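Here's the letter readout for the chains.
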Amino acid sequence: MSIIVSKFGGTSLANSKQFLRVKDIVLNDEDRRYIVASAPGKSDSEDTKVTDLLYLSYDLAKHKIAFSDTLEKVFNKYEEIVNGCGLNLDLTKHFEKIKLELEEGKDRDYIASRGEYLNALILSELLGYEFIDAKDLIFFNNNGNFDEKKSYDAIYEMSKKHKKAVIPGFYGSMPNKEVKTFSRGGGDLTGSIISRGVKTSLYENWTDISGFMSADPRIIKNPKKIEVITYKELRELSYAGASVLHEEAILPVTAAGIPIEIKNTFKPEEKGTIIVPDTDKKGPSEITGVSGKKHFSVINIEKIQMNKDKSFHRKLMSVLEVNGIVLEHMPSSIDSLSLIVADKYLTGKMDTIETELKSFCNPDKVAFKSGIALITVVGRGMKNSIGTSAKLFTALAASKINVRMIVQGASEINIIVGVEEKDYERAIESIYDAFMK
Ligand code: ADP
Ligand code: ASP
Ligand code: MG
């Protein structure tokens, strides 16, 4: 019997109807043995994710504002799932404990983790699988970094004892046993870590769409599906903004070469997207996909003959480091360069950064420009095809979109362009039309 790890996202576990769908899917293939569960997501567009409600409850409790109504909404969701699935499971003790913990000021990560904890508990009951808490399988070291060896050893040992199990996604534990969560959407990472630990042959990631699309379906209506995509391409597209899979989810499975399949819980019969280490198969066109994000800023720095000052770049980087700023890109010319950074790193720090840049780097001019969107065009076929960038820029020019910045990734599988935020959706549309239609 081989092993499949199946992760079900919040979109697939939002209510009892979906739980019953998930049950059918899991029991339909006896290889689906390790199931990773997210917290309930939105049942419809008006709904709120349980994780968001838990964060809100935590914030209210912290400020000594009544949080019971918010927490009640969370509990009601679980009640509906338990009752709708016809389970004989009493969660009252768990609810009372969470309420008390909020009152006593339990930490934010722990409170958020209860979303997946309770959902996994219910799913294990529904499937008749063992419940194994992620705090006993996924470990962080004292620096808060993922402890690979300890985690993979524990997961492998667990797989020898339990042939089938449900594991909550999104969190693990610190050496002092405190719960720590991954960043948002981290259930995908749990699935990937469990896959590596149990040495699976396939990691299935079940969501609400039949695969990874060549463009964001919220911008392009019915975009073409990507049938096969490489780890590297997927990582570029996810990092750039395609939110279907957590941008770090590829990392644990990479060394083991485990394929990931994106599947649709609502249409399980449809073919999904398969993510592989490498492939000879051609993509949907010379590009595999396009994705992007808004909310970036450019810091333009001018200094005549900056290259002659050997310590210029070091001083520049130290200003960024001291201020905790992550640099996205740094296109440059002889007498000027641009630092592209996410807006969130500049909030409340712009004056300090300007002052420090002026005093340490002695530039002729420093200017900030916000409202930038970055768009990444990705394709393994790009390396060997002439004219991809010509096609890209012709398409943008034809739509009268002003390109503020261009970066060609060193891996030669991506081209990044910066445009004004107001042009973002139009730019994605024109790129999609040029390459995919
Ligand atoms: P889950 O709850 O299963 O983790 P997510 O909401 O995190 O699901 O991810 C699925 C969503 O990602 C889809 O509903 C879709 O709107 C969005 N998405 C963004 N970009 C893409 C893309 N390129 N392909 C597919 N889905 C995308
Ligand atoms: N529930 C968490 C979130 O909403 C983790 C996940 O869904 O993967 O971010
Ligand atoms: Mg997700």
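Throughout what follows, the structure given in this document is the object of discussion.

Thresholds applied
Residues numbered from 1 in each chain as written. Chains lettered and ligands numbered in written order. Predicted model: local features only at pLDDT ≥ 70, side-chain atom pairs only at ≥ 80, totals over all residues. Heavy atoms only, no water. Pairing = 2+ DSSP bridges. Helix = DSSP H or I, 4+ residues; strand = E, 2+ residues; numbered from the N terminus. Contact = heavy atoms within 4.5 Å. Axes fitted to C-alpha atoms, helices over the stretch in contact; angles between N-to-C directions. Near = heavy atom within 4 Å. Polar contact = N/O pair within 3.5 Å; in protein donor to acceptor, adjacent residues only side chain to side chain. Areas by Shrake-Rupley, 256 points an atom, 1.4 Å probe, with all protein chains shown as cover. Nonpolar A, V, L, I, M, F, W, Y, C, P; charged D, E, K, R; others polar.

As a further point, take the sheet that holds strand E2 (residues 32-37). The strand order across the open sheet formed by eight strands is E3-E4-E2-E1-E7-E9-E10-E8, and the pairing between neighbours is mixed. At either margin of the open sheet sits one strand with a lone partner, and together these are strand E3 (130-131) and strand E8 (228-230). In this structure, strand E9 (residues 260-264) lies alongside strand E10 (residues 273-276), joined through three bridges in antiparallel fashion. Pairing of Glu261 across the sheet is with Ile274, part of E10. Each of strand E1 (4-8), E2, strand E4 (165-168) and strand E7 (202-207) touches helix H7 (residues 187-198); the most contacted strand, E1, lies at about 170° to it.

Here the focus is the site of ligand 1. Around ligand 1, a shell composed of 18 residues is seen, among which Gly10, Thr11, Thr207, Asp208 and Met213 lie nearest. Contact between ligand 1 and Lys7: an oxygen atom at 3.4 Å from a side-chain N or O atom of the residue. A distance of 3.1 Å separates an oxygen atom of ligand 1 from a polar atom in the backbone of Gly10. Relative to its free-state accessible area of 570 Å², ligand 1 is covered by the protein chains to the extent of 85%. Residue classes in the shell around ligand 1 are distributed as eight nonpolar, six polar and four charged.

This next bit is on the site of ligand 2. Taken together, the residues surrounding ligand 2 are Ser38, Lys49, Thr51, Glu116, Phe170, Arg184, Gly185, Gly186 and Gly187. Note that a nitrogen atom of ligand 2 is positioned 2.7 Å from one of the side-chain N or O atoms of Thr51. At 2.9 Å from an oxygen atom of ligand 2 is found a main-chain nitrogen or oxygen belonging to Gly187. Within the complex, 94% of the 270 Å² of free accessible area of ligand 2 lies under protein. For the shell around ligand 2, the residue count by class is one nonpolar, five polar and three charged.

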